[in-house]
Amino acid sequence: MAAPDTLYLKIDQNVVVDSYQVHLQDIASIECTNEAVLRQLKQKKIYTFPQKDTQKGKKHRIQVFSVLKIIQQIHEDFPDLEVQNVGESDFLIECNAGITENKPLEILKAAVLCVVIFFGAAFTIMTFNNDVGVADVFTQLYQQVIGRESDGVTELEVFYAIGMPIGIMVFYNHIGKKKVTHDPTPIQVEMRKYEQDVDTTFIENASREGKSLDVD
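Residues numbered from 1 in each chain as written. Predicted model: local features only at pLDDT ≥ 70, side-chain atom pairs only at ≥ 80, totals over all residues. Heavy atoms only, no water.

Undergrad: What is the right way to look at the packing of helix H5 (residues 134-146) against helix H6 (residues 155-171) in this model?
TA: Each packed pair of helices is defined by two parameters, the angle between the axes and the distance between the axes. Contact pair H5 / H6: the axes reach a minimum separation of 9 Å and the direction vectors enclose 135 degrees. By the criterion of interaxial angle, the relationship of H5 to H6 is oblique. Here Val134, Phe138, Leu141 and Tyr142 of H5 come into contact with H6, specifically with Glu155, Leu156, Glu157 and Tyr160. Residue composition of the contact of H5 with H6, grouped by class: six nonpolar, no polar and two charged. (Axes fitted to C-alpha atoms, helices over the stretch in contact; angles between N-to-C directions. Helix = DSSP H or I, 4+ residues; strand = E, 2+ residues; numbered from the N terminus. Parallel < 35°, antiparallel > 145°, perpendicular 65-115°, else oblique. Contact = heavy atoms within 4.5 Å. Nonpolar A, V, L, I, M, F, W, Y, C, P; charged D, E, K, R; others polar.)

Structural data, given as structure tokens:
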């Protein structure tokens, strides 16, 4: 008796689609030695996003799935197919269909955010310098090294003012649109952690509220 074909299934925790009709190839990477099975399953419809929620008057954008639900749908067409999941056990699908980007509004948001960050960072640096007494330290250091009191702005303040923005750019690994190294920046790392936390919260909340699509 021939061994059943094996399908390898890999789905990321967060999948973004651009259509209300979601097919298996839109959300998963799949591999099978049976090319006929593979072609058919790639076109299999997994879910359809309602274009509008008639009860709440809101558009559905996110749906949480259990991978067991996907395996169940696969077995509806191929009951003898062995499925090996090498991805997430629970994941969410986000639909971007029908969303139009308001560029002027996005530019305005970015501009406001830049202004807030600029003045917030400047205020933080100034309060830090005052708290630790940087000016007094520079005055004492200048007097000890040069042998006389400073008469205002000295080389220490100049190089400190130059070195601080350079240090910030090196730390955040960005100079304009270019990266200093190929490593991810601290902001990118924190954003990925934040996205993972958000996805995990969506999945856990949907599971607790019974809104996750799972096997019966």
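Undergrad: When you look at the side chain of threonine 185 in this model, what are you seeing that I'm missing?
TA: In this structure, threonine 185 sits in the loop between H6 and helix H7 (186-208). Taking relative accessible area as the criterion, threonine 185 reaches 3% and is therefore assigned buried. (Buried < 20%, exposed > 50% of the residue type's maximum accessible area, 1.4 Å probe, protein only.)

Undergrad: How should I be thinking about a nonpolar patch on the surface in this particular structure?
TA: A cluster of nonpolar side chains, namely Val153, Val158, Phe159, Ile162, Ile166, Met169, Val170, Ile175 and Val180, defines an oily patch on the protein surface of about 840 Å² accessible area. Along the chain, the position of valine 153 falls in the loop between H5 and H6. Take valine 153: its relative accessible area is 69%, and that puts it in the exposed class. (Patch = residues over 30% accessible without salt bridge, like charges linked within 9 Å, V, L, I, M, F, W, Y side chains within 5 Å. Areas by Shrake-Rupley, 256 points an atom, 1.4 Å probe, with all protein chains shown as cover. Salt bridge = Lys/Arg side-chain N within 4 Å of Asp/Glu carboxyl O.)

Undergrad: Can you help me understand the pattern of salt bridges in this one?
TA: Between side chains of opposite charge, a pair can form when the charged atoms approach closely. This structure, assessed with the given rule, holds five salt bridges. For the salt bridge of lysine 193 with glutamate 190, the shortest nitrogen-to-oxygen distance reads 4.0 Å. Highlighted residues: lysine 193 and glutamate 190, both in helix H7, separated by three residues, approximately one helical turn. The exposure class of lysine 193 is partly exposed, given its relative accessible area of 45%. Judged by relative accessible area, which is 47%, glutamate 190 ranks as partly exposed. For the salt bridge of glutamate 209 with lysine 211, the shortest nitrogen-to-oxygen distance reads 3.4 Å.

Undergrad: Is there a simple way to think about the sheet that holds strand S8 (residues 90-95) in this case?
TA: Pairing between sheet strands relies on hydrogen bonds along the backbone, with the strands arranged either parallel or antiparallel. Within the open sheet, the three strands sit side by side as S2-S8-S6. Their pairing is mixed. Each end of this open sheet is capped by a strand with a single partner; those strands are strand S2 (14-17) and strand S6 (62-66). Taking each pair of neighbouring strands and ignoring which way they run, the sheet shows an average axis angle of 25 degrees. As paired strands, S6 and S8 are joined by five bridges and run antiparallel to one another. Paired with serine 66 across the two strands is aspartate 90, which belongs to S8. Across the face of the sheet, H7 comes into contact with S2, S6 and S8 while running at roughly 105 degrees to S8. (Pairing = 2+ DSSP bridges.)

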